[in-house]
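# Examination of the molecular architecture
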Amino acid sequence: MREIRDITYGSEEYLETLELRNRVMRIPLGLDIHKEDFSHERESAVIGSFDGERLLGVGVMSHKDVYKVEYLCVDFDLQGSGVGGALLDRMESIAAEQGGKKMHLDARVTAQDFYTHHGYQTVSEVFIMECAPVPHVAMEKPL
């Protein structure tokens, strides 16, 4: 049975999220997530979608001046199954419960339709991120 639960920074489950993010989002680009500094995630909301103990997907949301989806990553074989939408909904709920009025994110252009389907609007031209050198756009959604 699928469930979404909080993940503590530095825990075994957190380390699993790094492996999933590396496999899905970095290795295909010839990069290694383990060369990046994730200490800022101590202050982030990290949630995972699980089937028993199997990590299906992960969402990371920061909140400094704005609520921002930093990562939304779903295992390859589960993309399109609703895991990403459920994680996104939960992050939006967390932000709204904390008084957030708007969600922000930088989406890969290949995921732009997914976010549009979930109510996000593109608010930038295409740009390249240093940590993931593929085309991205900034997107927002009122809560």
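Structure shown above.
About the thresholds
As a convention, each chain's residues are numbered from 1 in the sequence order in which they are written. Note on the predicted model: pLDDT of at least 70 is required for a residue's local features to be given, and 80 or more for side-chain atom pairs to be given and counted; whole-chain, interface and lining totals, by contrast, use all residues. Note that water and hydrogens are dropped before the side-chain values are worked out from all heavy atoms of the structure. We define a salt bridge as a contact between a side-chain nitrogen of Lys or Arg and a carboxyl oxygen of Asp or Glu at a distance within 4 Å. Only DSSP runs of H or I with at least four residues qualify as helices, and only runs of E with at least two residues qualify as strands; both kinds are numbered from the N terminus onward. Relative accessibility thresholds used throughout: buried, under 20% of the residue-type maximum; exposed, over 50%; partly exposed, between the two (1.4 Å probe, protein chains only). Within this scheme, the nonpolar core is defined by two criteria: the residues are buried Ala, Val, Leu, Ile, Met, Phe, Trp, Tyr or Cys, and they are joined through side-chain atoms within 4.5 Å. Any two residues whose heavy atoms approach within 4.5 Å are treated as being in contact. Multiply 1.5 Å by the residue count of a helix minus one, and that product is the helix's expected span.

Attention now goes to the pattern of salt bridges. Under the defined criterion, the tally for this structure stands at 12 salt bridges. Here Asp75 ties to Arg23 by a salt bridge, and the two come within 3.0 Å at their closest N and O atoms. Of the two residues, Asp75 sits in the loop between strand S4 (67-74) and helix H2 (83-97) while Arg23 sits in helix H1 (residues 12-26), which places them 52 residues apart along the sequence. For Arg23, a relative accessible area of 38% puts it in the partly exposed group. Of the charged contacts in the structure, one is a salt bridge between Arg54 and Asp75, with a shortest N-O distance of 3.7 Å. In this pair, Arg54 sits in strand S3 (residues 54-63) while Asp75 sits in the loop between S4 and H2, placing the two residues 21 residues apart along the sequence. Look at the salt bridges and you will find they share partners, linking Glu3, Arg5, Glu13 and Glu53 into a network.

Here we come to the nonpolar core. Core analysis: the largest hydrophobic core is formed by 21 residues, its most contacted members being Met91, Met103 and Tyr115. Only S3, S4, H2, strand S5 (102-108) and strand S8 (135-142) provide two or more residues apiece to this core. Here this core gets 6 residues from one element, more than from any other, and that element is H2. In contact with Met91, other than residues within four places in its own chain, are Ile47, Gly59, Val60, Met61, Val69, Tyr71, Leu72 and Met103. Grouped together as the second largest cluster of nonpolar side chains are 15 residues, Leu18, Val24, Phe38 and Cys73 included.

Looking at the secondary structure, you find Gly119 in the loop between helix H3 (112-117) and strand S6 (121-122). Beyond its immediate stretch of four places on either side in the chain, Gly119 contacts Glu140 and Lys141.

On to H1. Here H1 is 15 residues long and its end C-alpha atoms lie 20 Å apart, about the 21 Å a rise of 1.5 Å per residue gives. Restricting attention to buried positions, one finds in H1 the residues Tyr14, Thr17, Leu18, Leu20, Arg21, Asn22, Val24, Met25 and Arg26. Where H1 is buried, its residues meet strand S2 (45-51), S3, S4 and S5.

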